[in-house]
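The primary structure of each chain is shown beneath.
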Amino acid sequence: QVQLVESGGGAVQAGGSLRLSCAASGTIFSINTMGWYRQTPGKQRELVATITSGGGTNYADSVKGRFTISRDNPKKTVYLQMSSLKPADTAVYSCNAELGNARIPYWGQGTQVTVSS
């Protein structure tokens, strides 16, 4: 059974930094694109950043220049380094991974990030 487990969330003051990690485990033959998404109550989940197996990245305009996504393929782990955090970044952050040739999406359980002013 495949699992994605996030860690690194928490509370921080505006201007601070946090690093999220998401490790995939289970029977996994290949991982394609991995990404981070976030959601606040009453709003749709939105893309934060994605990274392909080859290292190509894509960011939401709201986080460009402040967040950096990276991955360690042997460890099946994706990271999100978040800097210059703003209260508007407060959300539940979830990681996503597309597995196998069929690119089946899997999701982590989510981790809360709270930024206070």
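Okay, so let's go over this structure. (Residues numbered from 1 in each chain as written. Predicted model: local features only at pLDDT ≥ 70, side-chain atom pairs only at ≥ 80, totals over all residues. Heavy atoms only, no water.)

1. Quick look at the overall build of the protein
Counted only if it meets this: A run of H or I in DSSP counts as a helix once it spans at least four residues, and a run of E counts as a strand once it spans at least two, with each numbered from the N terminus. Values of the radius of gyration come from C-alpha atoms, whereas the globule rule sets the reference at 2.2 Å times the count of residues to the power 0.38.
In terms of regular secondary structure, the protein is built from zero helices and eleven strands. Counted from the first residue to the last, the protein has its helices and strands arranged as β-β-β-β-β-β-β-β-β-β-β. What you see for the protein is a C-alpha radius of gyration of 14 Å, in line with the 13 Å of a compact globule of 117 residues. For the protein, the C-alpha atoms occupy an extent of roughly 45 × 25 × 25 Å along the three principal directions.

2. Structural notes on the packing of aromatic side chains
Quick note on the threshold: Paired rings are identified among Phe, Tyr and Trp, the last through its six-membered ring, by centres lying within 6.5 Å, and are further divided according to the angle between planes into stacked (under 30 degrees), edge-to-face (over 60) and tilted (the rest). Only protein chains enter the calculation, and the probe is 1.4 Å; a residue is then buried if its accessible area is under 20% of its type maximum, exposed if over 50%, and partly exposed in between.
Across all of its chains, the model carries one aromatic pair by this definition. With 5.1 Å between their ring centres and 65° between their planes, Y37 and W107 make a pair best called edge-to-face. Pair noted here: Y37 is in strand β4 (residues 31–39) and W107 is in strand β10 (residues 104–107), with a separation of 70 residues, a long-range link. Looking at Y37, the relative accessible area reads 18%, which means it is buried. By relative accessible area, W107 is classed as partly exposed at 35%.

3. Remarks on the side chain of R38
Put simply, the rule is: Definition of a polar contact: a pair of N or O atoms within 3.5 Å, with one able to donate and the other able to accept a hydrogen when the atoms are protein atoms, and with sequence-neighbouring residues admitted only if both atoms are side-chain atoms. Whether two residues are in contact is decided by their heavy atoms, any of which lying within 4.5 Å being enough.
Considering the arrangement of structural elements, one finds R38 in strand β4. Of the residues examined, R38 reaches a relative accessible area of 6% and is grouped as buried. A distance of 3.4 Å separates a polar atom in the side chain of R38 from a polar atom in the side chain of S62. Apart from residues no more than four positions distant in its own chain, R38 is found in contact with Q44, R45, E46, V48, S62, V63, F67, A88, D89, A91, V92 and Y93.

4. Looking at the environment of C22
Note that C22 resides in strand β3 (residues 18–25). When sequence neighbours within four positions are dropped, the list of residues in contact with C22 reads L4, V5, E6, W36, K76, T77, V78 and C95.

5. Topic: the pattern of salt bridges
Where charged atoms from two side chains of opposite charge come close, those side chains can pair. Worth spelling out the cut-off: Salt bridge, as used here: a side-chain nitrogen of Lys or Arg that lies within 4 Å of a carboxyl oxygen of Asp or Glu.
Using the criterion set out here, one finds five salt bridges in the structure. Its salt-bridge partner being R38, residue E46 comes within 2.6 Å of it at the nearest N-O pair. E46 sits in the partly exposed class, given a relative accessible area of 36%. Among the charged side chains, a network of salt bridges with common partners joins R38, E46, R66 and D89.

6. Quick notes on the nonpolar core
Rule in force here: Think of a nonpolar core as a cluster: buried Ala, Val, Leu, Ile, Met, Phe, Trp, Tyr and Cys residues, connected wherever their side-chain atoms sit within 4.5 Å.
Membership of the largest hydrophobic core comes to 30 residues, with the highest contact counts inside it found for W36, L80, M82 and Y93. Elements with a contribution of two residues or more to this core: β3, β4, β5 (46–51), β7 (67–72), β8 (77–82), β9 (91–99) and β11 (111–116). Among the elements that line this core, the one with the most residues is β9, at five residues.

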